[in-house]
Amino acid sequence: DAGVTQSPTHLIKTRGQQVTLRCSPKSGHDTVSWYQQALGQGPQFIFQYYEEEERQRGNFPDRFSGHQFPNYSSELNVNALLLGDSALYLCASSLMLTGRETQYFGPGTRLLVL
Amino acid sequence: AQSVTQLGSHVSVSEGALVLLRCNYSSSVPPYLFWYVQYPNQGLQLLLKYTTGATLVKGINGFEAEFKKSETSFHLTKPSAHMSDAAEYFCAVTPGYSSASKIIFGSGTRLSIRP
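Residues numbered from 1 in each chain as written. Chains lettered and ligands numbered in written order. Predicted model: local features only at pLDDT ≥ 70, side-chain atom pairs only at ≥ 80, totals over all residues. Heavy atoms only, no water.

Colleague: Where do I start with the pattern of salt bridges in this structure?
Modeller: Residues and elements named next belong to chain B. For the structure on display, the rule yields six salt bridges over all chains. Among the ionic pairs, E64 bridges to K58, the shortest N-O distance being 2.7 Å. On the basis of relative accessible area, E64 is assigned to the partly exposed category, the value being 22%. Judged by relative accessible area, which is 62%, K58 ranks as exposed. (Salt bridge = Lys/Arg side-chain N within 4 Å of Asp/Glu carboxyl O. Buried < 20%, exposed > 50% of the residue type's maximum accessible area, 1.4 Å probe, protein only.)

Next up, the structure:
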């Protein structure tokens, strides 16, 4: 049973560019959440997708957008990259209806913006 | 609104000594509480969680935590530290009606183990 997978593992971009990160949830899960973890800090919630719609959003600008596909996988897009967007981006999956299902995290994508 | 405060950004203990990592939370609704561990250059792994029921929760690798509502605390302990416990530990909270909701993390405590 595959856990949460993310791609790519590492990425280097320059300021102003756009980036797309991908996440496949754990088998049987229908909800995907994205988190940003800056160096030396705890993860911060970006947004959550369920039934192909954004259900919750954290305090992130509109440059951060996402998508969820019918197979429950998800993408995180960041436009007009800033140096401050350099971070580890974590994806977590869960099952919405049970209410008690643990959120499982992927290994993350490390983004460096130069 | 919810928040988590982890007391001590860095804790160092000797191998074999007691590990105590402190966490206090604030929540306007009954919370679900979690401890996650992060090894260098890796994602987050769930150590243990409290949802309802027994307030003393046992997790993986010999860790346990006790939910104390009166003190709004959820401290993590392990009786005897091992070198492999060296990692970053995060306390986290979600509203108690759904653990699928957004997770609010503390800023983390780096645990070092002295030989």
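Additional details are given in the paragraphs that follow.
Colleague: Would you mind showing me how to read unusual backbone geometry here?
Modeller: Leaving glycine aside, a negative phi is the common case for residues, and trans is the common case for peptide bonds. Here A:S7 and A:P8 are connected by a cis peptide whose omega angle stands at -10°. We note that A:Y72 has phi near 80°; this positive angle belongs to a residue other than glycine. Structurally, A:Y72 is set in the loop between β7 (64-68) and β8 (74-78). Among the residues examined, A:Y72 registers a relative accessible area of 40% and is labelled partly exposed. In this structure, B:T72 takes a positive phi of about 45° despite not being glycine. (Helix = DSSP H or I, 4+ residues; strand = E, 2+ residues; numbered from the N terminus.)

Colleague: Where do I start with the sheet that holds strand β8 (residues 73-78) of chain B in this structure?
Modeller: Strand pairing within a sheet occurs via backbone hydrogen bonds; the two strands may be parallel or antiparallel. Residues and elements named next belong to chain B. Strand order in the open sheet formed by five strands is β1-β3-β8-β7-β6, with antiparallel pairing between adjacent strands. Here the strands that pair on one side only, and so sit at the sheet edges, are β1 (2-7) and β6 (56-58). Across the sheet, the axes of successive neighbouring strands diverge by a mean angle of 20°, strand direction being ignored. (Pairing = 2+ DSSP bridges. Axes fitted to C-alpha atoms, helices over the stretch in contact; angles between N-to-C directions.)

Colleague: It is not clear to me how the interface of chain B and chain A should be interpreted in this structure. Could you clarify?
Modeller: Accessible area lost on assembly of the parts is the figure often given for the size of an interface. In this complex, chain B contributes 21 residues to the contact, which on the side of chain A involves 23 residues. Our count for the chain B to chain A interface comes out at zero salt bridges. Our count for the contact surface shared by chain B and chain A stands at three residue pairs in polar contact (both at pLDDT 80 or more). Contributions of two or more residues to the side of chain B that touches chain A are made by β4 (31-38) and β5 (45-50) of chain B. If one sorts the elements of the side of chain B that touches chain A by residue count, β4(B) sits on top with three residues. (Contact = heavy atoms within 4.5 Å. Polar contact = N/O pair within 3.5 Å; in protein donor to acceptor, adjacent residues only side chain to side chain.)

Colleague: For this particular structure, what's the right way to read the pairing of β8(B)?
Modeller: Side-chain direction in a regular strand flips from residue to residue, so the side chains alternate between the two faces of the sheet. All names here are of chain B. Where strand β3 (residues 19-27) lies against β8, four bridges are found, and the strand directions are antiparallel. Across the sheet, N24 pairs through a bridge with S73, a residue of β8. Judged from the five bridges that link them, strand β7 (residues 64-68) and β8 form a sheet pairing that is antiparallel. Counterpart to F67 in the pairing with β8 is F74. What sits between the antiparallel neighbours β7 and β8 is a turn of four residues, in which T72 has the positive phi angle 45°.

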